[in-house]
Each structure stands twice: as structure tokens, then as C-alpha cells.
Amino acid sequence: ALPGLAADAGLAGLIEAVVDQHPGLQAPPVPLLPTQLDLAGVNAQFAAAGVDLPVGVVPIGVGESDLAPVLLDFTARHHLLVLADVEHGKTTVLATLASGLVAGADPTQAKLVVVDYRRTMLGRVPDSHRAGYVSSAASAGPMMAELATLLEGRLPPDDVTPAQLAARAWWSGPDIYLFVDDYD
């Protein structure tokens, strides 16, 4: 970007001059993301550090800037929409989330409802944590109506206090996670 420098010798000389003026200082190396990620290894990092993730907090990968585990916290953000082209990992993301939720909670704490039109999630959620599985629009409608009725029963009453709201003290039961794969 400096006028008058030749693309070869002038620029090379400038680079050498800057390096000579600042010995030992270099830009940090750019970390490379792994081509494959062993989620068990990511989970092992938390176990080794003695970190017990709360129910609803799931490791989903590593960050590009520091290669540290990236957590998805459903207690803070209740919805996730994954968009990508065909064969770009949408089902893998859902399977990763499902396995993380199952690993981090017992069946009394978390249940998964799966709508799976192409049956790509079949067998990915154990019976213990599966509250429902459908693979057609005809079956999905009644299941969603049943789920809506269940969730309506969990709405807070009009006289709920802020403390009760924060503690979710007006109902009991597992958190319910709805997975819809290949909705398009």
C-alpha cells in the first residue's frame, strides 16, 4: 500500500526493517481447525478440568480463534436453527446435540422429541431419553398437538413471582427438546 516500493526488493526490505526494529515480536500463528473433531475428546477436556456441565449446556465443537470448546447453552438461548446445503452437516449437528443432551442429563431431566422425515436420526436418541419419534407429516401433526398441550400446562400462573419464574417452581418434569431434521 506504499507507493514507490518495488514489489520484490522494496517490500522485502521494508519487512526486514520492521522485523529488525522489533526483535522477538511476531504475529501469533494462525491455529488450524481440525479436519475431524472427536466429541468424546472435547467432553474429556471438561472432565479432566473437573467441570460438570449443567443440564442443557452442550459442547458442539471448537472455536476458530482459540480452538477452545464451544458450548451451546439452551438455558440461555432456547432455540437453534441450523441452515446449510445438502450434505453439509445439519444432521450431524442435531446428532451431536442429541448425544450431548443425553450424556449431560438423566431421563428425568431431559427428553427429546424427534421429527425425522428421512429417518437419519433413527437410533440416535436412546429409548430412555426419547419422548417421541415420528417420520411423516401425518404423524408429526398429532404429536405436535400433544406436545403443545403438555407445554401449555407448564405456563406460569398469573400470580407467579419473579423468584418462582427464575426457579421454574410452578411445574416439575424434564426439559423437552424438539428436534426437526430435514423440515424442508
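Our subject is the structure listed above.
Worth saying up front: this structure is predicted, and the values here are computed from it rather than measured. (Residues numbered from 1 in each chain as written. Predicted model: local features only at pLDDT ≥ 70, side-chain atom pairs only at ≥ 80, totals over all residues. Heavy atoms only, no water.)

**A closer look at the nonpolar core**
Here comes step 1: Counting 16 residues, the largest nonpolar core has L101, L112, M121, Y177 and F179 as the members making the most contacts within it.
Here comes step 2: Taken together, the elements giving at least two residues each to this core come down to α3 (90–103), β3 (110–116) and β5 (175–181).
Here comes step 3: Ranked by residues supplied to this core, first place goes to α3 with 5 residues. (Core = buried A, V, L, I, M, F, W, Y, C linked by side-chain atoms within 4.5 Å. Buried < 20%, exposed > 50% of the residue type's maximum accessible area, 1.4 Å probe, protein only. Helix = DSSP H or I, 4+ residues; strand = E, 2+ residues; numbered from the N terminus.)

**Some thoughts on the side chain of D116**
Here comes step 1: By secondary structure assignment, the location of D116 is in strand β3.
Here comes step 2: One buried charged residue, D116, forms no salt bridge at all, with the nearest opposite charge on R119 at 6.9 Å.
Here comes step 3: Of the polar contacts made by the side chain of D116, one reaches the backbone nitrogen of T120; its length is 3.0 Å.
Here comes step 4: In terms of polar contacts, D116 uses its side chain to reach the side chain of Y133, at 2.6 Å. (Lys, Arg positive; Asp, Glu negative; His and termini not counted. Salt bridge = Lys/Arg side-chain N within 4 Å of Asp/Glu carboxyl O. Polar contact = N/O pair within 3.5 Å; in protein donor to acceptor, adjacent residues only side chain to side chain.)

**Concerning the sheet that holds strand β4 (residues 130–134)**
Here comes step 1: Read from one edge of the open sheet, 3 strands run β4-β3-β5, paired in parallel fashion. A strand with exactly one partner marks an edge of an open sheet, and here the two such strands are β4 and β5. Across the sheet, the mean angle separating the axes of adjacent strands is 10° when strand polarity is ignored.
Here comes step 2: Bridge analysis of β3 against β5 gives 7 bridges, and the strand direction is parallel. Each residue of the ladder has a partner; that of K111, found in β5, is I176.
Here comes step 3: The sheet strands contacting α3 are β3 and β5, and the helix crosses β5 at an angle near 160°. (Pairing = 2+ DSSP bridges. Axes fitted to C-alpha atoms, helices over the stretch in contact; angles between N-to-C directions. Contact = heavy atoms within 4.5 Å.)

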